[in-house]
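What the coordinates show
The chain contents come next:
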Amino acid sequence: MTEDTTMSTEHIWRAVAAERAGLAELLAPMPEAGWDHPSLCDGWRVRDVVAHIVLSARADIGSILVNLIRARGSLHRAIRDTAVRHANHVTTGQLLDELRDSVDARVTAIGTTPADRLMDLLVHGQDIALPLGIAWEMPKAAAVVAIDRIWTTGAPFHARKKFTGYRLVASDAEWAAGEGPIITGPVAALLLILTGRRGAWDQITGDGAPMFAEDARP
C-alpha cells in the first residue's frame, strides 16, 4: 500500500481549497431544483451535502457536543440533522456564499486530519455530481491520499475490515492494498466503494468483484 506521504500537509490543504472552489463553481449556475435533488447520501438533498461541507470547515468542539446531545449521542444523526437544519435556514445564495467563504479554511474537528477533509470533499463532490448526471473529475493524487486515509482508519467506514480477504488495485494510480482475489478499477471508483457508494461498482472489475458482491449479499 502506498504511504500517506504522496502529498505534504500543505499540498493537501491546497487540494482541499481547490475542491471547495471547484464545487462552488459547479453549483453556481445550478437551478433551485438541482439543489433539492437527492444526493447519493440516503436522505440527503444536494443542499444538505453542501451545508455539511460548509459546516465541516468551521467545526468547533462546543457545537459538536451540543449537536451530539441533540442527536442523543448518535454522531451519524448529529451530522445529518445539523446539515439539514442549516440547509433549511439559509437561502441557496447564502449557502453558495458560505461555501465560497470556506475555500481557504483549514479547520479539522477533533480526531480528524487534513486528509479527512480532503476525503470528505472528494466523496461528497461525487455524491452531488453523479445523481445530477455531471462528470466531476477526481484528481488522482488527492484520491490516493484519501483512499489511504480510509484504508488505515476504522470508523465510520471500516473499509479494511469490510474488504478482508480481497486485494484492491487501482488501475490508474500507484495504489493497492489487501490480499486475495483482485478488485480493480480507477482509484476514484475504489474510493467510492470503500465509502459505501454503490453507484461506482459499474467501474469495478476483477475476479474478486463478483465474489465480494456474493459475500456482501444479506
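Residues numbered from 1 in each chain as written. Predicted model: local features only at pLDDT ≥ 70, side-chain atom pairs only at ≥ 80, totals over all residues. Heavy atoms only, no water.

By the naming in an unreviewed UniProt entry, the protein is Maleylpyruvate isomerase family mycothiol-dependent enzyme, taken from Nocardia abscessus.

**A word on the packing of helix α7 (residues 114-129) against helix α8 (residues 140-152)**
The geometry of α7 relative to α8 is characterised by a closest axis approach of 9 Å and an angle of 110° between their N-to-C directions. The angle between the axes of α7 and α8 places the two elements in the roughly perpendicular class. Considering how the two elements wind past one another, α7 and α8 form a crossing that is left-handed. Across the interface between the two elements, A115, D116, L118, M119 and L122 of α7 pack against A142, A143, V145, A146, R149 and I150 of α8. Across the contact of α7 with α8, the residue classes tally to nine nonpolar, no polar and two charged. (Axes fitted to C-alpha atoms, helices over the stretch in contact; angles between N-to-C directions. Helix = DSSP H or I, 4+ residues; strand = E, 2+ residues; numbered from the N terminus. Parallel < 35°, antiparallel > 145°, perpendicular 65-115°, else oblique. Left-handed = near helix turned anticlockwise from the far one by under 90°. Contact = heavy atoms within 4.5 Å. Nonpolar A, V, L, I, M, F, W, Y, C, P; charged D, E, K, R; others polar.)

**Regarding α8**
Since the α-helix packs 3.6 residues into each turn, any two residues three or four apart lie on the same face. The first and last C-alpha atoms of α8 sit 18 Å apart over 13 residues, in line with the 18 Å expected at 1.5 Å per residue. Of all the 13 residues making up α8, 10 are buried; the element is thus mostly covered by neighbouring parts of the structure. Looking at α8, one finds that the buried residues are A142, A143, V144, V145, A146, I147, D148, R149, I150 and W151. Where the residues of α8 are buried, they touch α1 (9-27), α7, α9 (159-162), β1 (167-170), β2 (176-178) and α10 (187-194). (Expected span 1.5 Å × (residues − 1). Buried < 20%, exposed > 50% of the residue type's maximum accessible area, 1.4 Å probe, protein only.)

**Examining the side chain of D127**
Within the element layout of this structure, D127 appears in helix α7. The exposure class assigned to D127 is buried, which follows from its relative accessible area of 0%. A distance of 2.7 Å separates a polar atom in the side chain of D127 from a polar atom in the side chain of R197. The contact partners of D127, leaving out residues within four places of it in the chain, are S39, L40, C41 and R197. (Polar contact = N/O pair within 3.5 Å; in protein donor to acceptor, adjacent residues only side chain to side chain.)

**Overview of the pattern of salt bridges**
The full count for this structure, using the stated rule, is 13 salt bridges. The residue R47 makes a salt bridge to E32 at a minimum N-O spacing of 2.9 Å. Here R47, found in helix α3 (residues 46-56), pairs with E32, found in helix α2 (residues 32-35); they are 15 residues apart in sequence, far enough to count as distant. One salt bridge connects R167 with E179, and the closest N-O pair in it is separated by 3.7 Å. Residue R167 is found in strand β1, and its partner E179 is found in the loop between β2 and β3 (182-185); the two are separated by 12 residues along the sequence. Given the relative accessible area of 27%, R167 is considered partly exposed. Under the relative-accessibility criterion, E179 is labelled exposed at 61%. (Salt bridge = Lys/Arg side-chain N within 4 Å of Asp/Glu carboxyl O.)

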